[in-house]
Amino acid sequence: MWLFMPEKGQPRKSTFSVPRNVEELRRLVESDVPVLAFAFERSGAEAWAPEHSHARGQLFALTRGLLVVQAGSQRWMFPSYRCAWIPPDCIHAARSVGGASGSMVYLSPETCRGLPAMPCMLSASDLLFAIVQRVLTWDPRRSLHPAQKRLIATLRDEIRRPQRQPLRLPIPKDKRLAKVAHAQLEDVADDRTLDDWAHFAAMSRRSFMRSFTAEVGMPFGRWRQQARLFAALEMLAQRNSVTETAIAVGYNSVSAFIEMFRTTLGSTPQAYFRSKREREPE
């Protein structure tokens, strides 16, 4: 699924390149080597990968595109210039959008002790990205020296500081409510009323509202807004215009869409996918 590359795609500047022998790579992954790191590039969007898990914890440091992860009844979206954490043995499905690229770091089960037990988004700190870039140059066939061990300890400290999770979308477990959620996700612009959706779920309006909020921790209207935000981010990552995106996800007013986006993510849609360098002041 992924095209793995040495650091920054430039073999001459990297002290370690991904083993070309599949068996050698498998042995490294299954060994007790504390950390393995690879750069990757994915062209275009991809379909959902089947559910799977890793014995190692997985850290994505994204520099382009989006990563969407679903584990159990929760769905997360991780945009570029963020880091995503997926703990060991977490059964999940994933897909990328907008030609994702960046780095993946795999931590051994021993190294993962005390780290978050659920997928989460980490800060976009320069420190975290710098550590990942440094780890990319390490040769996992060699034992770690003290300075490298200290760097791993700092990496663990950073992973233990997840951000507020604004891009989390819970999926109801109740079959009636799940049917509503999946219908809305298939067409996020669907503007049926609460009465319509309650009828679709074969429930009274009051029961539907109460049950949905209890299941996902937010009212249906807030959940629908979040579903539309997820869809909008995918479209924006694929370079659709803000106006086209706003209309496609169910907003009659582009300004209302921009305000919702800013309130939730602290940025305008135009600025959100700019590179870190472009966001920084001159």
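In this text the structure is predicted, and so the values were computed from the model without any measurement. (Residues numbered from 1 in each chain as written. Predicted model: local features only at pLDDT ≥ 70, side-chain atom pairs only at ≥ 80, totals over all residues. Heavy atoms only, no water.)

Asker: Help me out: how do you make sense of the packing of aromatic side chains in this one?
Answerer: How two aromatic rings sit relative to each other is given by the distance of their centres and the angle of their planes. Within the structure shown, the criterion is met by 13 aromatic pairs. Taking 6.1 Å as the distance between ring centres and 55 degrees as the angle between the ring planes, the aromatic pair formed by Trp197 and Phe220 counts as tilted. Of the two residues, Trp197 is situated in helix α5 (residues 194–200) and Phe220 in helix α7 (residues 220–237); the sequence distance between them amounts to 23 residues. Both rings, one in Phe261 and one in Tyr272, keep their centres 5.5 Å apart while their planes meet at 85 degrees; by these two values the pair is edge-to-face. One end of the pair, Phe261, is in helix α9 (residues 254–265); the other, Tyr272, is in helix α10 (residues 269–272), with 11 residues separating them in the sequence. Classification of Tyr272 as buried rests on a relative accessible area of 5%. What links up through ring pairs into an aromatic cluster is the set Trp197, Phe200, Phe208, Phe212, Phe220 and Trp223. Here the guanidinium or amino end of Arg192 rests over the ring plane of Trp197, the centre of that ring lying 3.9 Å away. When the ring centre of Phe200 is taken as reference, the NZ or CZ atom of Arg192 above it lies at 5.0 Å. (Phe/Tyr/Trp six-rings, centres within 6.5 Å; stacked < 30°, edge-to-face > 60°. Helix = DSSP H or I, 4+ residues; strand = E, 2+ residues; numbered from the N terminus. Buried < 20%, exposed > 50% of the residue type's maximum accessible area, 1.4 Å probe, protein only. Lys NZ or Arg CZ within 6 Å of the ring centre and 35° of its normal.)

Asker: Just to check I follow, could you spell out the side chain of Thr245 for this structure?
Answerer: The residue Thr245 is located in helix α8 (residues 242–248) in this model. Overall, the relative accessible area of 0% leaves Thr245 in the buried class. Those residues in contact with Thr245 that lie beyond four places of it in its chain are Ala232, Met235, Leu236, Asn240 and Phe257. (Contact = heavy atoms within 4.5 Å.)

Asker: For this particular structure, what's the right way to read the side chain of Gln70?
Answerer: On the secondary structure map, Gln70 appears in strand β3 (residues 57–71). On the basis of relative accessibility, which here comes to 18%, the residue Gln70 falls in the buried class. A distance of 2.7 Å separates the side chain of Gln70 from the side chain of Arg75, its partner in a polar contact. If sequence neighbours within four positions are ignored, Gln70 has contacts with Trp48, Arg75, Ile91, His92, Ala93 and Ile171. (Polar contact = N/O pair within 3.5 Å; in protein donor to acceptor, adjacent residues only side chain to side chain.)

Asker: What is the right way to read α9 from this model?
Answerer: Every α-helix carries 3.6 residues per turn, so stepping three or four residues along brings you back to the same face. Its 12 residues place the ends of α9 16 Å apart at the C-alpha level, agreeing with the 16 Å of an ideal helix rising 1.5 Å per residue. Buried within α9 we find Phe257, Ile258, Met260, Phe261, Thr264 and Leu265. Buried residues of α9 fall within an arc of 160 degrees about the axis and therefore sit on the same side. Seen from the open side of α9, the exposed residues pointing more than 90 degrees away from its buried face are Ser255 and Thr263. (Expected span 1.5 Å × (residues − 1). Arc of directions from axis to C-beta.)

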